Amino acid sequence: MLDMVNEMLSMPFVVRALIVGVLVALCAALLGVSLVLKRYSMIGDGLSHVGFGTLAIALAFNVAPLQVSIPLVLLAAFLLLRLSENSKIKGDAAIALISSSALAVGVIIVAKAKGMPADLFNYMFGSILAMKTGDLYLSVAVSAVVLTLYVLFYNKIYAVTFDEKFAKATGTKTGLYNMLIALLTALVIVVGMRMMGAMLISSLIIFPALTSMRVFKSFKGVVICSAGLSAVCFIIGLVVSYAWDTPAGASIVVVNLAAFLVFFAVGFVNKALRHLCC
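Per chain, residues are indexed from 1 in the order of the written sequence. The model is predicted, so local features are restricted to residues of pLDDT at least 70 and side-chain atom pairs to those at 80 or more, both for listing and for counting; the totals for chains, interfaces and linings are taken over all residues. Hydrogen atoms and water are omitted, and side-chain values are computed over all heavy atoms in the structure.

Caption draft 1: Up close: the state of the cysteines. Cysteine sulfurs are considered disulfide-paired once they come within 2.5 Å of each other. Applying the stated rule across the entire model yields 0 disulfides. Left without a disulfide partner, C225 is nearest to the cysteine sulfur of C233, which lies 9.4 Å away. Three labels apply to residues, based on accessible area from a 1.4 Å probe with only protein chains included: buried if under 20% of the type maximum, exposed if over 50%, partly exposed otherwise in between. For C233, a relative accessible area of 3% corresponds to the buried category.

Caption draft 2: Region of interest: helix 13 (residues 248-277). If you check helix 13, its first and last C-alpha atoms are 43 Å apart, about what 30 residues at 1.5 Å a residue would give, namely 44 Å. Along helix 13, the positions that sit buried rather than exposed are A248, G249, S251, I252, V253, V255, N256, A259, F263 and G267. The secondary structure listing takes helices from DSSP runs of H or I that are at least 4 residues long and strands from runs of E that are at least 2 residues long, numbered from the N terminus. Working rule for helices: expected span equals 1.5 Å times residues minus one.

Caption draft 3: Seen up close, the pattern of salt bridges. Every case where a carboxyl oxygen of Asp or Glu lies within 4 Å of a side-chain nitrogen of Lys or Arg is listed as a salt bridge. A full pass over the atoms with the stated rule returns 1 salt bridge. Here K38 makes a salt bridge to E164, at a shortest N to O gap of 2.9 Å. Remark: E164 occurs in helix 9 (residues 164-169) and K38 occurs in the loop between helix 2 (12-37) and helix 3 (43-60); sequence separation between them is 126 residues. On the accessibility criterion, K38 (24% relative accessible area) is partly exposed.

Caption draft 4: Structural context of unusual backbone geometry. Positive phi, normally seen in glycine, also occurs at D245, with a value near 55 degrees. Its location among the elements puts D245 in the loop between helix 12 (219-244) and helix 13. Look at D245 and you get exposed, because its relative accessible area is 71%.

Caption draft 5: Inspection of the packing of aromatic side chains at higher detail. Classification of ring pairs rests on two measures: the distance between centres of Phe, Tyr or Trp rings, Trp counted by its six-membered ring, which must be within 6.5 Å, and the angle between planes, read as stacked under 30 degrees, edge-to-face over 60 and tilted in between. One pass over the structure, following the stated rule, counts 8 aromatic pairs. Taking the centre distance of 6.2 Å and the plane angle of 65 degrees together, the rings of Y150 and Y154 count as edge-to-face. Arranged with centres 5.7 Å apart and planes meeting at 55 degrees, the rings of F153 and Y177 form a pair that is tilted. One end of the pair, F153, is in the loop between helix 7 (133-152) and helix 8 (154-162); the other, Y177, is in helix 10 (residues 174-196), with 24 residues separating them in the sequence. For F153, a relative accessible area of 28% gives the class partly exposed. A relative accessible area of 12% means that Y177 is categorised as buried.

Caption draft 6: Representation of a nonpolar patch on the surface within the structure. Each patch is built from salt-bridge-free residues with over 30% relative accessible area, joining like charges within 9 Å and nonpolar side chains (Val, Leu, Ile, Met, Phe, Trp, Tyr) within 5 Å. Reported accessibility uses the Shrake-Rupley method at a 1.4 Å probe radius. Residues are deemed covered only where the shown protein chains occlude them. Together, F264, F268, V269, L273 and L276 give the surface a local cluster of nonpolar side chains, amounting to about 560 Å² of exposed area. By secondary structure assignment, the location of L273 is in helix 13. According to the relative accessible area criterion, L273 is partly exposed, its value standing at 46%.

Caption draft 7: Spotlight on the environment of K112. Relative to the assigned elements, K112 resides in helix 5 (residues 91-112). Classification of K112 by relative accessible area gives exposed; the value is 68%. Separated by 44 residues in the primary sequence, K112 and V68 place their C-alpha atoms 19 Å from one another.

Caption draft 8: Highlighting the nonpolar core. Among buried residues, the Ala, Val, Leu, Ile, Met, Phe, Trp, Tyr and Cys ones that are joined through side-chain atoms within 4.5 Å form a nonpolar core. Membership of the largest hydrophobic core comes to 73 residues, with the highest contact counts inside it found for I43, L47 and L80. At 15 residues, helix 10 tops the list of elements feeding residues into this core. Excluding residues that lie within four positions of it along the chain, L47 makes contacts with V73, A76, A77, L80, A182, T185, A186 and I189. The next biggest cluster of nonpolar side chains, apart from the first, holds 6 residues, and it includes C225, L229, V255 and A259. In what follows, residue pairs with any heavy atoms lying within 4.5 Å of each other are defined as contacts.

And the structure:
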């Protein structure tokens, strides 16, 4: 086992994937807690579909994918919140509207391009081989921004997550902080697509939060557990992918699923024990 780990760490592309993956998993888990508690977790899935559409456009016109995807996915996140807050199109309906439209545009572009470029396939389903040095620098920079803003505005994010109406009554600019959460989520999704793929990146947002909530009940406990669990599941998934020669993104999702089942069982046992004691 130790020899295999040493062999993995001797390969530069694995080291790049490990650094980027852990940072993205950490950021996604932190944001995922708020998104799940606000019942807005599908924003990750919606924005990942938008990411696919923007990648198809970028590759069709032979321009850098991330330079196109980042501003367009950020714009989509902004539109999602504006649609949800200021119109009759609410929550999941707004997500479905924008994500399905972007996905349709992407499919049409791929079809007209007469085949799917290999790079687009990597963005759809993820590939650790696709990680370049430029991706590493960009991902580290974006992750640093996300983590810094999350820590700086932790109290405000906590307030709008649990009681948005009360937070608004106390003078908190809830719209601003909801927008901050959405925009940070969009950034994480764009940089994470290279590793996890557009079809699987939303799992890093949803799984850790849902898993942690099976055992922990406080916001801080769920946040800390989600962050640690997400990073550990990513590392284990990467090792499994290398050892069994399976797709990295899918392996990481399966490990997260296994963790969810374990935590679900632990939470069920704890609940049963509390009922017996009472």
